[in-house]
Amino acid sequence: LVQDIQTYLAANQVGGPMVPVDPAAMVEQVRREIAALLGDGTVRVETSGDLSPMVMSPPRLHEVLRILLVNAIQHRVPGRPLGIRISARPERVSGQTMTALRVADNGPGIPPEYHDRVFRLFERLAPNTAHPGTGIGLSLVRRIAEARGGRAWIENTSGGGATVAFAI
């Protein structure tokens, strides 16, 4: 918990040089790191579309992708294979065009009335005993996006599930 709070407090700092980062390569790096969570093939992670380089700190993009992939895995529907699709497209945010990275899953989804609430610090929709974690992950994603002039939000995924979008 203390480590997560320290990470949250530091999230508005740049976190390293701002350079073009290949999101597809970063997804592969995170996949290798969380291989044990991906299990026996019941979790499929794929990238789609043009994942053009994003200008940001590589450790921050790594952190965002790791949080979003682990969240999708932890909150999956038991007994159903999990599909996670990562895509990117231009998005208008505060009058400027930014790259929006989307991590979509076929999990249980998030009811619309909770789309903003899940980004609050320490907010957990499931009881603490249902899933490990501190309730800091999505608030950290939003803080990283906002520190770079962007935003993070939830969309419904067609066919069920949730999409977390992150624009910088």
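Every residue gets a number counted from 1 within its own chain, in the order that chain's sequence is written. Per-residue local features are limited, in this predicted model, to residues with pLDDT of at least 70; the limit for side-chain atom pairs, both in listing and counting, is 80 or more; totals at the level of whole chains, interfaces and linings are taken over all residues. To get the side-chain values, all heavy atoms of the structure are used, and hydrogens and water are removed first.

Draft legend 1. The arrangement of the packing of helix H2 (residues 23-33) against helix H4 (residues 58-74) in detail. Direction vectors running N to C along H2 and H4 enclose 55 degrees, while the axes themselves pass 9 Å from each other. Considering their axes alone, H2 and H4 lie oblique with respect to each other. Relative to H4, H2 is oriented so that their crossing is right-handed. Packed against H2, whose contacting residues are Pro-23, Met-26, Val-27, Gln-29, Val-30 and Glu-33, the element H4 presents Pro-58, Leu-61, His-62, Leu-65, Arg-66 and Leu-69 at the interface. Taken together, the residues of the contact of H2 with H4 break down into 8 nonpolar, 2 polar and 2 charged. Here an angle of 0 to 180 degrees is reported between the N-to-C directions of two axes, which are lines fitted to C-alpha atoms, with helices fitted over the stretch in contact. Numbering of helices and strands starts at the N terminus; helices are DSSP runs of H or I of at least 4 residues and strands are runs of E of at least 2. Note that the term roughly parallel is reserved for angles under 35 degrees, roughly antiparallel for angles over 145, roughly perpendicular for angles of 65 to 115, and oblique for everything else. Working rule for handedness: look at the near helix, and if it is turned counterclockwise from the far one by less than a right angle, call the crossing left-handed; if clockwise, right-handed. For this analysis, residues touch if any pair of their heavy atoms sits within 4.5 Å. Gly counts as polar in this scheme, as do all residues outside two lists: the nonpolar Ala, Val, Leu, Ile, Met, Phe, Trp, Tyr, Cys and Pro, and the charged Asp, Glu, Lys and Arg.

Draft legend 2. Main features of the packing of aromatic side chains. For Phe, Tyr and Trp, where Trp contributes only its six-membered ring, two rings pair if their centres lie within 6.5 Å, and the inter-plane angle classes them as stacked under 30 degrees, edge-to-face over 60, or tilted in between. Under the counting rule described, the total for this entry stands at 0 aromatic pairs. The lysine or arginine in question, Arg-142, covers the ring of Phe-119, its NZ or CZ lying 4.0 Å from the ring centre. Just above the ring of Trp-153 sits the side chain of Arg-151; from NZ or CZ to the centre is 3.7 Å. Here, over-ring charges are defined by two tests on the NZ atom of lysine or the CZ atom of arginine: distance to the ring centre within 6 Å, and angle to the ring normal within 35 degrees.

Draft legend 3. View of the nonpolar core. Residues belong to a common nonpolar core when they are buried Ala, Val, Leu, Ile, Met, Phe, Trp, Tyr or Cys residues joined through side-chain atoms within 4.5 Å. Type-normalised accessible area, obtained with a 1.4 Å probe on protein chains alone, sets the label of each residue: buried when under 20%, exposed when over 50%, and partly exposed for intermediate values. Counting 41 residues, the largest nonpolar core has Val-45, Leu-61, Leu-65, Ile-84, Ile-86, Leu-101 and Phe-166 as the members making the most contacts within it. No other element matches H4, which puts 9 residues into this core. In terms of nonpolar packing, the next biggest core, distinct from the first, is built from 6 residues, Val-93, Ala-100, Trp-153 and Ala-165 among them.

Interpretation note: all reported values are geometric properties and have no functional meaning in isolation.
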